[in-house]
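# Fold and contact review
Residue strings, one per chain:
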Amino acid sequence: MGQKINPLGFRIGVTEPHRSTWYARGRQYGRFVAQDHAIRSFIKDRFKSAAIEKVQIERKADRITVVLHSGRPGVVIGRRGAEIDAVTKHFEQLTGSKVKINIIEIRKPDLSAQLVAENVAEQLERRGSFRRAMKRAVENSMREGVLGINVRISGRLGGAEIARSENEMAGSVPLHRLNTRIDYGYATARTTYGIIGVRTWMNHGYYADQQKEK
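Worth saying up front: this structure is predicted, and the values here are computed from it rather than measured. (Residues numbered from 1 in each chain as written. Predicted model: local features only at pLDDT ≥ 70, side-chain atom pairs only at ≥ 80, totals over all residues. Heavy atoms only, no water.)

## Some thoughts on the confidence of the model for the protein
Put simply, the protein has an average pLDDT of 89, and 95% of its residues get 70 or more. By mean pLDDT, the top-scoring element of the protein is strand β5 (residues 148-155) (94), and the lowest-scoring one is helix α7 (residues 207-213) (64). (pLDDT = per-residue confidence, 0-100. Helix = DSSP H or I, 4+ residues; strand = E, 2+ residues; numbered from the N terminus.)

Dropping the structure here:
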């Protein structure tokens, strides 16, 4: 089960909050789901270099609040807020509601599984060594204080004719414990030999211990 299920979906309602927070009835539900998907896809495509970890969407009455967790908030804001104003207008036309965008800066990208996976994928697209990229990612994350990390890449590694999987691991990553906060990230690298998938699991320790610290 630890290899088949998405660790974030497995823990929703236990240690992970919902990425979309709203209530709808009947046909509204399908329309809101489609809008949420369109918002996330647009943000990922437009701000590829902004290191977007996740997008949280909250709906209240006639207002939609979009929270972006970004490693480079300056890219999202743009010069004098031009970028964020244009995106806000686009979302208001898409949804027909007032939209407010908040940006939360990620100060330590090496502690985010999604950003680590995207960083490794970016190095693969630049034709870097996959072993070096994986090893560097694991070392940087362990240096920042994670209890364990596992990076796995799958595809035609190094241009090989037969696809295979390679992984680099350090520390402990218990995927079956619901009392442990496991962060998961997935990214794809589009190379000349085909698409290479990058998956990252991170162990941030017991959830109860983190709540006490907060």
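Let us keep going from here.
## What to know about the sheet that holds strand β4 (residues 98-105)
Within a sheet, each strand pairs with its neighbour through backbone hydrogen bonds, oriented either parallel or antiparallel. The four strands lie next to each other as β1-β2-β3-β4, forming an open sheet whose pairing is mixed. Either end of the sheet is taken by a strand with one partner, and the two such strands are β1 (20-21) and β4. Sheet topology places β1 next to strand β2 (residues 52-60); two bridges connect them, and they run parallel. What sits directly across from Ser20, in β2, is Ile57. Relative to β4, helix α4 (residues 82-95) is tilted by about 135°, and along the sheet it contacts β3 (63-70) and β4. (Pairing = 2+ DSSP bridges. Contact = heavy atoms within 4.5 Å. Axes fitted to C-alpha atoms, helices over the stretch in contact; angles between N-to-C directions.)

## Structural notes on the nonpolar core
Of all hydrophobic cores here, the largest spans 21 residues; its most connected members are Val120, Leu124, Ile153 and Val198. Contributing elements (two or more residues each) for this core: α5 (113-125), α6 (130-144), β5, β7 (180-191) and β8 (194-206). Considering each element in turn, this core owes the most residues, six residues, to α5. Not counting chain neighbours up to four residues away, the residues in contact with Leu124 comprise Phe130, Ala189, Thr191, Ile196 and Val198. With 16 residues, the next largest nonpolar core counts Ile43, Ile52, Val99 and Ile101 among its residues. (Core = buried A, V, L, I, M, F, W, Y, C linked by side-chain atoms within 4.5 Å. Buried < 20%, exposed > 50% of the residue type's maximum accessible area, 1.4 Å probe, protein only.)

## Some thoughts on the sheet that holds strand β6 (residues 164-171)
Read from one edge of the open sheet, four strands run β6-β5-β8-β7, paired in antiparallel fashion. Each edge of the sheet is formed by a strand with only one pairing partner; in this case those strands are β6 and β7. When strand polarity is set aside, the average angle formed by the axes of neighbouring strands in this sheet is 10°. Here β5 pairs with β6 via eight bridges, running antiparallel. Opposite Ile149, over in β6, you have Ala170 as the bridge partner. Contacts between α5 and the sheet are confined to β5, β7 and β8, with β7 contributing the most and set at about 20° to the helix. Packed on one face of the sheet, α6 meets β5, β6 and β8 and runs near 25° to β6.

## Regarding unusual backbone geometry
Residues apart from glycine generally show negative phi values, whereas peptide bonds are mostly found in trans. Phi angles above zero are rare outside glycine, and Ala61 is one such case at about 55°. Following the sequence through the fold, Ala61 ends up in the loop between β2 and β3. Note on Ala61: relative accessible area 88%, which makes it exposed. Not every positive phi belongs to a glycine, and Arg80 is a case in point at roughly 55°. Of note, Arg80 is situated in the loop between α3 (73-77) and α4. Note on Arg80: relative accessible area 89%, which makes it exposed.

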